[in-house]
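Read off the chains here:
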Amino acid sequence: MNFEYAPSIESIDIVKIDPKNKLFIDGKFVEPTSKKFFATINPATGEPLAQIADANAKDVDLAVKAARKAFPKWAKLSGKERGRYLFRIARIIQERARELAVLETLDNGKPIKESRDVDVPLVAAHFFYYAGWADKLEYAIPGKDTKPLGVVGQIIPWNFPLLMAAWKIAPALACGNTVVIKPAETTSLSILLLAQIFQEAGLPEGVVNIVTGAGETGAAIVNHPDINKIAFTGSTEVARIIQKAVAHTDKKLTLELGGKSANIVYEDAAIEQAVEGVINGIYFNQGHVCCAGSRLLLEESIAEMFVDKLKNRMEKLRVGNPLDKNTDIGAINSAAEHAKIMKLVESGISEGGEYFEPSFAIPSKGYFHKPCFFNKVSSAFSLSRVEVFGPVLAISTFRTTAEAIMKANDTQYGLAAGVWSEKGSKVHKTAAALKAGIIWANTYNKFDPSSPFGGFNESGFGREGGRHGLFPYLSIK
Amino acid sequence: MSGLNNELKIAKTIKLFIGGEFPRTESGRSVPVYLAKSKKIYANLCKASRKDLRNAVTAAQEAQKGWASRSAYNRTQILYRMAEMTEGKREEFIEVLTNTLGYTKIAANKAVDEAVDAFVYYAGFADKYQQMVGAVNPVSGPHHNFTSSEPVGIVALVCNSKFNLGNMVAQIAAIIASGNSVVTIMADEGAATLAPLSEVLATSDLPKGVVNLLTGDLAELHSHLGTHMEINSLSYQGTNKKVLGELKEMAAGNMKRVIPLIAQKDMLSLDHLINYVEFKTVWHPIGN
């Protein structure tokens, strides 16, 4: 018997997309100096959604000036007052949740059930959480008086556009800083709707400024002399450029970069849960997750059985229209990203990796990719080392705990890891030995505004979330 | 009101607030509240009895486990909603404060501001204090050892006889932020604020029974509070040393934690909140 899902398409009527989207500087939407715009595409269809302003160095300078002008007054507000703005913003986000979720899905390609049930609720929660810190900063670092840094420049990626905006803006504002932020060029729409929410909440002009654009806009922020701190989430490659660019300045820096995180499944794991956890770890959000469990390390004794279960589960994943509430895996964010993933998969196949992809069809229009894996690969296999940032898993085996740990740590990255075992002591021993900033034990991809997130080694430095998430935005008086 | 003159305005009956409902005192007794500096009765408040107190403790018990098992984020939102509701009822609070206590409008507005501030402050603390007082402890040997906090359970709160709306709200919020439930004995002064305050609590998605408000004679009730075996903590915010001593003596019966007067400067603080939590430390081996 064939069990088909009837389509359950979320309506897009709730969203009103401006055909021409301007920059948000000093509390107003303004034209870019160059009068240049670029298109943003719906990756599920390949069709353009709207035009986005292209900010150049002059626009960035105007944004920084606005942030600098707003800073003294914002910093002098009591924490209580700053908190009030952030609470208001959180409540409005909750009120307009569906609008934000639909817009996010249209521009990013992620399934509506994720943007609705994961992204947007976490966005509201982040503002709510940091709102409550604004008047409690005397507890941030015990015994120390703190002050804000000033104007912070923030550059965020396209994989969780709104959530990354929340992770950056909420703590910065709670601590009394003002912000110049650049969304990724393929996903600018949702943060511009957030700007409307800032206006609705009465956030003072200049406290948050949004400059849309691509690499050059980002470079203008990084190189601007009147910015006190840079926060960047994106690829390690770009981060290296940024790190060098600010080396001879006093600018503070935090980086949240890529990963090649290992999911370790011991033979005494709860197998069905582990299968679900591995699937979620790499295929959630189309694999566009810095902390994706993109390497699976299986204890040899259960490897064959586990891989069979994975194949079985993958056959039932639903890849398709992101606006369909039944969809598990949506569209790859852009043509460029799609091509990159396909190229990496091809190279993996030509390298001799044992490739598997499910048998179902995926849409031919738009940028879709099947969830897939390479089995029985070694640590030297290219896709065991290179971040694909797509729904591609590399599977290998181990025999002992020590070997699992060694293999898991055999990477220049160190963002996350998963450990699956029903034996608590083994979980703790493994977790203690793993060089990763987030360890998920018997679960994966859990996020909370109170839980610090960030990497070891080349996955970056600094933490976002929790009390630790305040540190990058404060200095000791 | 059309047709009829002001003499026939309908006065609100101010009852107790127990288990999310508004019962009268089972004793049928009342205490008049007068218009400030006048012999004119503003309202008849309930004079709560020992039985009402017991009912309130039962309601608090039934509610507490569910309240504590809510996520901290959920408690944050509910406390914030109390701020929203208080702001919405500003005029009603002002009416009670000006009429029964003779507050000026400015003073009454200030009192409401302080109540809103207190709700927002503790709303913002409910999901943070754990990170300030919890710890992973560096014990010697291969054990993962962590200390986390839990609510103490049922708290009885005796308000200061000198009425202060902001302080009373802060005390209630500090107690429930961590997942406790509370039975509050309001002071005589300002007792009519039970009306708008209970309505705030009843419209904030707060589970029934988490906060209970009683008006009555403390002298009559205090021995029942002190000896009630299901009350885990007694917060005596009065200044009578003799009464405090007696409560502390009675508390020995089931080792109630007794929390004495909290200073004004500490009303909005971490140390206020952690008066109402217990610390639990868990060990787990690290090894094969």
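The text that follows walks through the structure, step by step, so that each part is easy to find. Residues take numbers from 1 onward in each chain, read along the sequence in its written order. A letter from A marks each chain and a number from 1 marks each ligand, given out in the order of writing. Reporting of local features is limited, given that this is a predicted model, to residues whose pLDDT is at least 70; pairs of side-chain atoms are given and counted only at 80 or more, and all residues count toward the totals for whole chains, interfaces and linings.

Some points on the overall build of chain A
Each helix and strand counted, chain A has 13 helices and 20 strands in total. Our radius of gyration looks at C-alpha atoms and nothing else; its globule reference is 2.2 Å times the residue count to the power 0.38. Its C-alpha atoms give chain A a radius of gyration of 22 Å, near enough to 23 Å, the size a compact globule of 477 residues would have. With respect to the three principal axes, the spread of C-alpha positions in chain A is 65 × 50 × 40 Å. Burial is judged by counting the other C-beta atoms within 10 Å of a residue's own C-beta: 20 or more makes it buried, 12 or fewer makes it exposed, and any count in between marks it as partly exposed, with every C-beta position built from the backbone. Relative to its full complement of 477 residues, chain A shows a buried share of 57%. Considering only residue pairs separated by 6 or more positions, chain A has 73% of its internal contacts joining residues 24 or more positions apart. Secondary structure elements are defined from DSSP: runs of H or I of at least 4 residues count as helices, runs of E of at least 2 residues count as strands, and each element is numbered from the N terminus. By definition, residue pairs are in contact when their C-beta atoms, positioned from the backbone, come within 7 Å.

Observations concerning the interface of chain B and chain A
Taken together, the contacts link 20 residues of chain B with 22 residues of chain A. No other element matches helix α4 (residues 105–123) of chain B, which puts 4 residues into the side of chain B that touches chain A. All amino acids are sorted into three groups, where Ala, Val, Leu, Ile, Met, Phe, Trp, Tyr, Cys and Pro are nonpolar, Asp, Glu, Lys and Arg are charged, and the leftover types, Gly among them, are polar. When grouped by side-chain class, the residues that make up the side of chain B that touches chain A number 10 nonpolar, 7 polar and 3 charged.

Description of helix α4 (residues 112–131) of chain A
What a helix should span is 1.5 Å times the count of its residues minus one. With 20 residues, α4(A) extends 27 Å from end C-alpha to end C-alpha; this agrees with the ideal 28 Å at 1.5 Å per step. Think of it this way: the bend at a residue is just the angle between two axes, each fitted to seven residues, one set ending at that residue and the other starting at it. Of all the bends in α4(A), the greatest reaches close to 25° and is centred on D119(A); the proline P121(A) follows between one and four positions later.

Some thoughts on unusual backbone geometry
Residue and element names in this part refer to chain A. Of note, the phi angle at K376 is positive, near 55°, even though the residue is not glycine. With respect to the helices and strands, the residue K376 is situated in the loop between β15 (372–375) and β16 (392–398). Overall, the presence of 14 C-beta atoms within 10 Å leaves K376 in the partly exposed class.

Points about the sheet that holds strand β5 (residues 47–53) of chain A
Picture the strands of a sheet paired through backbone hydrogen bonds; they go either parallel or antiparallel. All names here are of chain A. Here we have 3 strands laid out as an open sheet, ordered β1-β5-β4, and mixed in their pairing. Taken across any chain shown, the strands that pair with only one partner, and hence form the sheet edges, are β1 (20–21) and β4 (37–42). Pairing between strands is defined by DSSP: at least two bridges between the two strands are required. Strand direction decides the pairing type here: β4 and β5, joined by 6 bridges, are antiparallel. Opposite F37, over in β5, you have A53 as the bridge partner.

Here's the deal with the sheet that holds strand β12 (residues 262–265) of chain A
Residues and elements named next belong to chain A. Reading across the sheet, the 7 strands line up as β14-β15-β16-β13-β12-β17-β18 and stay open at both edges, with mixed pairing between neighbours. In this open sheet, the two edge strands, each paired with only one partner strand, are β14 (354–356) and β18 (438–441). Strand-to-strand twist across the sheet, computed as the mean angle between neighbouring axes with direction ignored, equals 20°. Note that β12 and strand β13 (residues 295–299) share 4 bridges and pair parallel. Bridging from a neighbouring strand, A262 pairs with R295 of β13. Only the stretch in contact is used when a helix axis is fitted, and all axes are lines through C-alpha atoms; the angle between N-to-C directions ranges over 0 to 180 degrees.

A look at the environment of V151(A)
Residue and element names in this part refer to chain A. Relative to the helices and strands, V151 resides in strand β7 (residues 151–155). Accessibility expressed as a C-beta count within 10 Å gives 26 for V151, which makes it buried. It is 21 Å that separates the C-alpha atoms of V151 and G460, two residues lying 309 residues apart in sequence. Look past the residues within four positions of V151 in its chain and what remains in contact with it is V64, A67, R68, F71, N177, T178, V180, D226, I227 and N228.

Keep in mind these numbers describe shape, not what the thing actually does.
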